[in-house]
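Residue-level listing of the chains:
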Amino acid sequence: MLPIDLPMLLADKHATFWFPPAASTFAKDVDWLYMVILYISIFFFVLVVAAMVLFAIKYRRRPGYVGDSRPLHNNALEITWTVIPSLIVCWIFVEGVNGYMDMMTPPVDTIDINVTARQWDWSFQYPNGAISDQLHIPNNRAILLNMRSEDVLHAFYVPAFRAKSDVVPGRVTTMWFQPILEGEFDLFCAEYCGDLHSDMIKRHGVVVHDQAGYDAWLADAAKPPVNAVAHGFWLYQRMGCKSCHSTVEGTRIVGPSFAKSYDQTLRTAKGADVKFDQQYIRQSILEPQAEVREGYQNASQMPSFQGKLNEDQLSALTAFLVAMKDDAFIQAVADGDLSQADKESLGLTDAAGADAAGADAASDTGKSAEEPLEKPADEVPTEPASESSESPPAPKT
Ligand SMILES: [Cu+2]
């Protein structure tokens, strides 16, 4: 399926014939310079082709016509067609540098959001510790992205913002922009990054809220479910796990499926037998290359999550993977409805607990079949549990 569908683009009242909506402060200048260059190119194209056709007819070889064999030279003409185009390209360069300097110079009062790109997903970490797989931002505020890659080159590109920047492993790249339209915009990875590169093209990957809507979303997104299994599922959706590991039994995306693994004895690539227990789960998250499963040694390498997950998060993910031994739970996760899971075996026995997983999944607009767990946020259970320790390292506020 095309990530951009033309009828939708044409129906968008903010989109133009050439461009998606001009949704950031950069868009006006970028579009203007683009159109100026386009019209200059059209002008010279028509001029050159017209002269060529005219001369080909006028000076064609024909009976009785004798051409002038002397080399012709006209200083005024040559200076004109050298100086005028040179001045035009110099002016385009200066305009381009001006626009580039704007894009490279963020204002002081930005909202800083950390971006992690990995094969093949994005995750966004907010100043209050919230994590999401879509970029949520308020309208009319300058946004600064600190971008890291866990593996290969990626590029963060939002056409509606006219903003694009490489995301380079081993360094932090930054970019900023200021949205001027509320709505949902497409997010692209604009650097070929492997087999599932196209999975990093996210329809509605950027959501621009009004300030109140953003504040509400942010507060809600910073509260992972209290129930450990539900919290594990919440992390699975946001930390990039879902792009490589399916929750449907036997379905291989890149890495092994999580379904029905717990308590199984697995053969490693080195030929040893290893029990898929809690220790193995922990090791596979922190040192993924230590015990690679047979058949997966040539798969794309999973990054280590050492330092990216705290102990509470590790135990939540472990609880989720343990729960994936249960048929009813696998089915519930695949259907995107944890409330159908076998609550008793999952410790989701209290009425509210069963719904915990849905509470926050619903806050990220559901996209895949695994995600739309529509449950109101007020059903989060009120067990006494400290959530503060579960917040991931927050970027600068
Ligand atoms: Cu990519």
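Below: a short report on this structure. (Residues numbered from 1 in each chain as written. Predicted model: local features only at pLDDT ≥ 70, side-chain atom pairs only at ≥ 80, totals over all residues. Heavy atoms only, no water.)

### Here's the deal with the overall build of the protein
No. 1: In terms of helices and strands, the protein carries ten helices and twelve strands.
No. 2: Here the protein holds 397 residues, and the buried ones make up 44% of them.
No. 3: In the protein, once contacts between residues fewer than 6 apart in sequence are set aside, the share between residues at least 24 apart is 66%.
No. 4: Split by element, the accessible area of the protein, about 20800 Å² in all, is 59% carbon and sulfur. (Helix = DSSP H or I, 4+ residues; strand = E, 2+ residues; numbered from the N terminus. Buried < 20%, exposed > 50% of the residue type's maximum accessible area, 1.4 Å probe, protein only. Contact = heavy atoms within 4.5 Å. Areas by Shrake-Rupley, 256 points an atom, 1.4 Å probe, with all protein chains shown as cover.)

### Here's the deal with helix H4 (residues 211-221)
No. 1: If you check which residues of H4 are buried, you get Tyr214, Trp217, Leu218, Asp220 and Ala221. The buried side chains of H4 occupy one side of the element, clustering within an arc of 165° when seen end-on. (Arc of directions from axis to C-beta.)

### Concerning the coordination of the copper ion
No. 1: Protein-derived ligands of the copper ion are His154 (ND1), Cys189 (SG), Cys193 (SG) and Met200 (SD), with the metal-ligand distances lying across 2.1 to 2.6 Å.
No. 2: Every donor counted, the four donor atoms about the copper ion form angles of 89 to 123° at the centre, which fits tetrahedral coordination.
No. 3: As a motif over one chain, the donors of the copper ion read H-x34-C-x3-C-x6-M. With a gap of 46 residues between them, His154 in strand S6 (residues 154-158) and Met200 in the loop between strand S9 (183-189) and strand S10 (202-209) connect regions that are remote in the sequence. (Donors = N, O, S within 2.8 Å, 3.2 Å for Na, K, Ca; no water. Tetrahedral: all angles 85-135°; square planar, octahedral: opposite > 155°, others 65-115°.)

### Digging into the sheet that holds strand S4 (residues 135-138)
No. 1: Read across the sheet, five strands follow the order S4-S10-S9-S6-S7 without closing on themselves; strand pairing throughout is mixed. The strands lining the two open edges of the sheet, one partner per strand, are S4 and strand S7 (163-167). Within the sheet, the average angular offset between the axes of one strand and its neighbour, ignoring direction, is 25°.
No. 2: Pairing of S9 with S10 involves four bridges; the strand directions are antiparallel. Bridging from a neighbouring strand, Gly183 pairs with Val208 of S10.
No. 3: Strands in contact with H4 are S4 and S10; relative to S4, the strand with the most contacts, it is inclined by about 135°. (Pairing = 2+ DSSP bridges. Axes fitted to C-alpha atoms, helices over the stretch in contact; angles between N-to-C directions.)

### Overview of the pairing of S10
Across a regular strand the side chains alternate sides, sitting on one face of the sheet and then on the other.
No. 1: Burial analysis of S10 places six of its eight residues in the buried class, the great majority of the element.
No. 2: As paired strands, S4 and S10 are joined by four bridges and run parallel to one another. Across the sheet, residue Leu135 finds its bridge partner in S10, namely Val206.

### Here's the deal with a nonpolar patch on the surface
No. 1: A grouping of Phe93, Val94, Val97, Tyr100, Met101 and Met104 is seen on the molecular surface, where their side chains present a nonpolar patch of about 590 Å² in accessible area.
No. 2: Looking at the element boundaries, Phe93 is found in helix H3 (residues 75-104). (Patch = residues over 30% accessible without salt bridge, like charges linked within 9 Å, V, L, I, M, F, W, Y side chains within 5 Å. Salt bridge = Lys/Arg side-chain N within 4 Å of Asp/Glu carboxyl O.)

### Here we look at the environment of Phe177
No. 1: Examined against the element boundaries, Phe177 turns out to sit in strand S8 (residues 173-177).
No. 2: You can call Phe177 buried: its relative accessible area is 0%.
No. 3: On a C-alpha basis, the gap between Phe177 and Leu145 in space is 8.8 Å, while along the polypeptide they are 32 residues apart.
No. 4: Not counting the four nearest positions on each side in its chain, Phe177 is found in contact with Phe26, Leu135, Ile137, Arg141, Ala142, Ile143, Leu145, Phe156, Phe161 and Ala163.

### Comments concerning the packing of aromatic side chains
No. 1: Following the criterion strictly, the structure yields 15 aromatic pairs and no others.
No. 2: For the ring pair Phe26 and Trp176, a centre distance of 5.1 Å and an interplane angle of 80° mean the geometry is edge-to-face. Taken together, the residues span a long stretch of sequence, with Phe26 in the loop between helix H1 (6-11) and helix H2 (27-58) and Trp176 in strand S8 at a distance of 150 residues. As far as burial versus exposure is concerned, Phe26 and Trp176 are alike and both buried. (Phe/Tyr/Trp six-rings, centres within 6.5 Å; stacked < 30°, edge-to-face > 60°.)

### Details of the sheet that holds strand S5 (residues 143-149)
No. 1: An order of S3-S2-S1-S5-S8 is seen for the five strands of this open sheet, with the pairing classed as mixed. If you trace the sheet from one side to the other, it starts and ends with strand S3 (131-132) and S8, each paired once.
No. 2: Relative to S3, strand S2 (residues 121-125) runs antiparallel, the two being bridged by two bridges. Looking at S3, one finds that Phe124 is bridged to Ser132.

### Side note on the nonpolar core
No. 1: The biggest cluster of nonpolar side chains holds 42 residues, and the ones touching the most others in it are Trp122, Leu135, Leu145, Phe156, Phe161 and Phe177.
No. 2: In terms of nonpolar packing, the next biggest core, distinct from the first, is built from 31 residues, Met239, Leu286, Leu314 and Ala316 among them. (Core = buried A, V, L, I, M, F, W, Y, C linked by side-chain atoms within 4.5 Å.)

### Digging into the packing of helix H5 (residues 228-238) against helix H7 (residues 311-323)
No. 1: It is at 7 Å that the axes of H5 and H7 come closest, and there the two elements cross at 100°. Regarding the angle of H5 to H7, the classification is roughly perpendicular. Contacts between H5 and H7 pair Ala228, Val229, His231, Gly232, Phe233, Leu235 and Tyr236 from the former with Gln313, Ala316, Leu317, Ala319, Phe320 and Ala323 from the latter.
No. 2: Of the residues in the contact of H5 with H7, the class split is ten nonpolar, three polar and no charged. (Parallel < 35°, antiparallel > 145°, perpendicular 65-115°, else oblique. Nonpolar A, V, L, I, M, F, W, Y, C, P; charged D, E, K, R; others polar.)

### Remarks on the pattern of salt bridges
No. 1: Enumeration over the complete set of coordinates arrives at eight salt bridges.
No. 2: One salt bridge connects Lys308 with Glu150, and the closest N-O pair in it is separated by 3.0 Å. Of this pair, Lys308 sits in the loop between helix H6 (278-286) and H7 while Glu150 is found in the loop between S5 and S6, placing the two residues 158 residues apart along the sequence.
No. 3: The class of Lys308 is partly exposed, set by a relative accessible area of 31%.
No. 4: Between Asp273 and Arg267 there is a salt bridge, with the nearest N and O atoms lying 2.9 Å from each other.

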